[in-house]
Amino acid sequence: MLIDSLYGIFGIYEIPLVIQYILTVFIVVGIINAFNLIDGIDGLAGGLALIDMIGFFIFFMVSGDAGATLVVAGSAGALLGFLKYNYHPARIFMGDTGSMSLGFLLSAAGIMALTGSRGDMPHFNYSETAIMVFSIFILPVYDTLRVFAGRILNKKSPFSPDKTHIHHLLMKTGFNHPRSAKVLYTANIVLIMTGFLLRSGTMSLVAPLLFLEVILFSEFLTLYKLI
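The structure reproduced in this document is the subject of the present report.

1. Remarks on the packing of helix α2 (residues 44-63) against helix α4 (residues 95-116)
Thought 1: The interhelical angle for the contact between α2 and α4, taken along N-to-C directions, is 20°, at an axis separation of 11 Å. Our classification of the angle between α2 and α4 gives roughly parallel. Every pair of crossing elements has a handedness; the one defined by α2 and α4 is left-handed. Across from Ala-45, Gly-46, Ala-49, Asp-52, Met-53, Phe-56, Phe-59 and Phe-60 in α2, the residues of α4 making contact are Leu-102, Leu-105, Leu-106, Ala-109, Gly-110, Met-112 and Ala-113.
Thought 2: Looking at the contact of α2 with α4, its residues break down into twelve nonpolar, two polar and one charged.

2. Comments concerning α4
Thought 1: With 22 residues, α4 extends 32 Å between its outermost C-alpha atoms, agreeing within 8% with the 32 Å of an ideal straight helix rising 1.5 Å per residue.
Thought 2: What α4 keeps buried is the set Ser-99, Leu-102, Gly-103, Leu-106, Ser-107, Ala-109, Gly-110, Ile-111, Ala-113, Leu-114 and Thr-115.
Thought 3: In this structure, the buried side of α4 is in contact with α1 (17-37), α2, α3 (66-86) and α5 (126-153).

3. Focus on the packing of aromatic side chains
Thought 1: Inspection of every chain in the model, using the stated rule, returns seven aromatic pairs.
Thought 2: Judged by centre distance (5.9 Å) and plane angle (50°), the ring pair of Phe-56 and Phe-137 falls under tilted. On the criterion of sequence distance, the pair formed by Phe-56 in helix α2 and Phe-137 in helix α5 is long-range, its members being 81 residues apart. Taken individually, Phe-56 and Phe-137 each receive the classification buried, so the pair is uniform in this respect.

4. Here's the deal with the pattern of salt bridges
Thought 1: Taken as a whole and judged by the stated rule, the model has two salt bridges.
Thought 2: Here Arg-146 makes a salt bridge to Asp-143, at a shortest N to O gap of 3.1 Å. Of this pair, Arg-146 and Asp-143 both sit in helix α5, three residues apart, roughly one helical turn.
Thought 3: Judged by relative accessible area, which is 1%, Asp-143 ranks as buried.
Thought 4: Close ionic contact of Asp-162 with Arg-151 constitutes a salt bridge, the shortest N to O distance being 2.8 Å. Placement of the pair is Asp-162 in the loop between α5 and α6 (166-172) and Arg-151 in helix α5, with a sequence separation of eleven residues.

5. A word on the layout of surface pockets
Thought 1: The calculated volume of the largest pocket comes to roughly 870 Å³.
Thought 2: Phe-26, Ile-27, Ile-31, Phe-134 and Val-141 are the residues nearest the centre of the largest pocket, which is lined by 30 residues in total.
Thought 3: Of all the secondary structure elements, the ones that give two or more residues to the lining of the largest pocket are α1, α4, α5 and α8 (203-226).
Thought 4: Looking at which element gives the most residues to the lining of the largest pocket, the answer is α5, with ten residues.
Thought 5: Taken together, the residues of the lining of the largest pocket break down into 25 nonpolar, five polar and no charged.
Thought 6: The space that makes up the second largest pocket amounts to roughly 340 Å³.
Thought 7: Taken together, 17 residues form the lining of the second largest pocket, with Gly-55, Ile-58, Ile-192, Met-193 and Phe-196 sitting closest to its centre.
Thought 8: Here the residues of the lining of the second largest pocket sort into 15 nonpolar, two polar and no charged.

Rules behind the numbers
Residues numbered from 1 in each chain as written. Predicted model: local features only at pLDDT ≥ 70, side-chain atom pairs only at ≥ 80, totals over all residues. Heavy atoms only, no water. Axes fitted to C-alpha atoms, helices over the stretch in contact; angles between N-to-C directions. Helix = DSSP H or I, 4+ residues; strand = E, 2+ residues; numbered from the N terminus. Parallel < 35°, antiparallel > 145°, perpendicular 65-115°, else oblique. Left-handed = near helix turned anticlockwise from the far one by under 90°. Contact = heavy atoms within 4.5 Å. Nonpolar A, V, L, I, M, F, W, Y, C, P; charged D, E, K, R; others polar. Expected span 1.5 Å × (residues − 1). Buried < 20%, exposed > 50% of the residue type's maximum accessible area, 1.4 Å probe, protein only. Phe/Tyr/Trp six-rings, centres within 6.5 Å; stacked < 30°, edge-to-face > 60°. Salt bridge = Lys/Arg side-chain N within 4 Å of Asp/Glu carboxyl O. 1 Å grid on protein atoms, 1.4 Å probe; cavity = no way out; pocket = protein on both sides within 12 Å on 5 of 7 lines; lining within 4 Å. Points joined across faces, edges and corners; volume = space filled by probe spheres on them.

The structure is reproduced here in structure tokens:
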């Protein structure tokens, strides 16, 4: 499965074959790393992935894609069982392999959603699907971009470890592991619902609104810490 066209999003239609491979690999690798990097406190990556899987489950079920529905439902069920032992105080941990596997499964689900919306009679058109998929991934992706930008501005490697992720900000405000995870679960749900409700808009309008929403959330945490 390749992203071979944007079907008019940002005025772009057919994409050259080389760009198709580059764009698809970039998206998959980016989401894999985003979930790997956000796995910083008990139950966070698994909980966010569970919420995202439920979002994709609803999408595929409404779209009538039985195969994809079963795949994401099975993944959500496995995550639910895993979170019983990964939520604070955690007794088992997913590690890098687990978080990167989740990122791969979710990126595959996103690409399946996009390619499935190109059929003759899709329930959601390509633009609507792109907005909903974007809303599902915006939280971990934004956190990764923000942390990388901060490290680069401080003349450090973007892959150098630090304590500047959103969950670290929450911990610094005095939230413990469970409360930090629940706040980010709620933020993820709100972002996904925003994408669903605004899916009929254009990507050029909705994407900045979603970015603004997650930026305000992140900066509110910093302001709360200063106060």
